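Survey of secondary and tertiary structure
Chain by chain, the residues:
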Amino acid sequence: QQQVKQSPQSLIVQKGGISIINCAYENTAFDYFPWYQQFPGKGPALLIAIRPDVSEKKEGRFTISFNKSAKQFSLHIMDSQPGDSATYFCAVEGGTSYGKLTFGQGTILTVHP
Amino acid sequence: NAGVTQTPKFQVLKTGQSMTLQCAQDMNHNSMYWYRQDPGMGLRLIYYSASEGTTDKGEVPNGYNVSRLNKREFSLRLESAAPSQTSVYFCASRGAGVTYEQYFGPGTRLTVT
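Residues numbered from 1 in each chain as written. Chains lettered and ligands numbered in written order. Predicted model: local features only at pLDDT ≥ 70, side-chain atom pairs only at ≥ 80, totals over all residues. Heavy atoms only, no water.

**Comments concerning the overall build of chain A**
The condition is simple: Under the scheme used here, helices are H or I runs from DSSP no shorter than 4 residues and strands are E runs no shorter than 2 residues, and both carry numbers assigned from the N terminus. We take the radius of gyration over the C-alpha atoms and set the globule estimate at 2.2 Å times the residue count to the 0.38 power. Only protein chains enter the accessibility calculation, which uses a 1.4 Å probe; a residue whose area is less than 20% of its type maximum is buried, one above 50% is exposed, and one in between is partly exposed. Computed with the Shrake-Rupley method and a 1.4 Å probe, the accessible areas treat only the protein chains shown as cover for residues.
Counting its secondary structure elements, chain A contains zero helices and 11 strands. N-terminal to C-terminal, the α/β element order of chain A is β-β-β-β-β-β-β-β-β-β-β. Since a compact globule built from 113 residues should have a radius of gyration of about 13 Å, the 13 Å found for chain A is in line with a globular shape. Taking the principal axes of the C-alpha coordinates as reference, chain A spans close to 45 × 30 × 20 Å. For chain A, the proportion of its 113 residues judged to be buried stands at 46%. Only carbon and sulfur atoms are counted for the fraction: they give 51% of the accessible area of chain A, which is about 5400 Å².

**As for the nonpolar core**
Rules: Here the nonpolar core consists of buried residues drawn from Ala, Val, Leu, Ile, Met, Phe, Trp, Tyr and Cys, with membership extended through side-chain atoms lying within 4.5 Å.
If you look at the biggest cluster of nonpolar residues, it comprises 24 residues, and the most contacted ones within it are Phe33, Trp35, Phe73, Leu75 and Tyr88 of chain A. A per-element tally of this core places strand S9 (residues 86-94) of chain A first, with four residues.

**Here's the deal with the interface of chain A and chain B**
Test applied: Here, two residues are considered to be in contact whenever any of their heavy atoms come within 4.5 Å of each other. Reported buried area values correspond to the accessible surface (1.4 Å probe) lost by two parts on association, with both partners' losses combined. Each salt bridge in this description consists of a side-chain nitrogen of Lys or Arg and a carboxyl oxygen of Asp or Glu lying within 4 Å of one another.
In this complex, chain A contributes 18 residues to the contact, which on the side of chain B involves 18 residues. Between chain A and chain B, a total of about 1600 Å² is buried, with carbon and sulfur atoms accounting for 53% of that surface. For chain A, the biggest contributors to the area lost against chain B are Pro44, Lys100 and Phe103 of chain A; these three give 28% of the whole. At the boundary of chain A with chain B, the tally comes to one salt bridge.

**A short note on the side chain of Thr87 of chain A**
Considering the arrangement of structural elements, one finds Thr87 of chain A in strand S9. In contact with Thr87 of chain A, other than residues within four places in its own chain, are Tyr36, Gln37, Gln38, Gly106, Thr107 and Ile108 of chain A.

**Observations regarding the packing of aromatic side chains**
Using the following cut-off: To pair, rings of Phe, Tyr and Trp, with the six-membered ring standing in for Trp, must have centres within 6.5 Å; the planes then decide the type, stacked if under 30 degrees apart, edge-to-face if over 60, and tilted in the middle. Only when the NZ atom of a Lys or the CZ atom of an Arg is both within 6 Å of the ring centre and within 35 degrees of the ring normal do we say a charge sits over the ring.
Scanning all chains against the criterion turns up 18 aromatic pairs over all chains. With a centroid separation of 4.9 Å and 45° between ring planes, the pair formed by Tyr25 of chain A and Phe33 of chain A is classed as tilted. Phe33 of chain A carries the same exposure label as Tyr25 of chain A, and that label is buried. An aromatic cluster of three or more residues is present, and its members are Tyr36, Phe89 and Phe103 of chain A together with Tyr33, Tyr35, Tyr48, Phe90 and Phe104 of chain B. Here Arg51 of chain A stacks its cationic end above the ring of Tyr100 of chain B, 4.3 Å away from the centre of that ring. When the ring centre of Tyr100 of chain B is taken as reference, the NZ or CZ atom of Arg94 of chain B above it lies at 4.6 Å.

**Considering the sheet that holds strand S1 (residues 4-7) of chain B**
Residue and element names in this part refer to chain B. We apply this condition: Should DSSP find at least two bridges between two strands, the strands are taken to pair. Each axis is a line fitted through C-alpha atoms, and for a helix only the stretch in contact is used; angles between axes span 0 to 180 degrees, taken between their N-to-C directions.
Spatially, the four strands line up as an open sheet ordered S1-S3-S8-S7, and their pairing is antiparallel. What marks the edges here is a single partner per strand, and that holds for S1 and strand S7 (64-68). Averaged over all neighbouring strand pairs, the angle between strand axes comes to 20°, with direction disregarded. Here strand S3 (residues 19-25) pairs with strand S8 (residues 74-78) via three bridges, running antiparallel. Residue pairing across strands places Met19 opposite Leu78, the latter belonging to S8.

Quick look at the structure:
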């Protein structure tokens, strides 16, 4: 059983557009929801994270929106730039899986100039 | 600080051969992790170590063994490599405290023929 489902698998956006990636989870015990960014040939790196006590967190052009009742969270990239082209992973942690992240399947984002 | 380092960067093995992937971190982190990354599957946890002297299985442990040699080093061993173990392997570490951020190494690309 997949604990977190991520969509879409790939996304193409024009420069200046908004990129939106979604994740849905099953376990209501999860209490930490990060997004990781990975460039080709590199390891993933933490981009932004949220806890369930807030519905939104913004860092620069990156925003996480969190819907606890729907068990969904999403990453919004405003004014997308070619340098944002990368693979993005959502992840969850909490409950009996404390100390371990479970990752989504990944979204390959391509921003055309 | 080098962060998380992994060796080797690339490796080709024949079916049945064995090898050890090395990982070290210089951030004095307690927890260390081994993941494999396959297209469309995200990052899947193989083994993790919450602290020096302890190791636990993750989602996909079959065919692998680990050793937490000391606080800095966490190695992953393939005793008898199989083509299904062709993947990119990432090591990660995480400190204690309120931040849950995992820091990833650059990865090892392994091909088993």
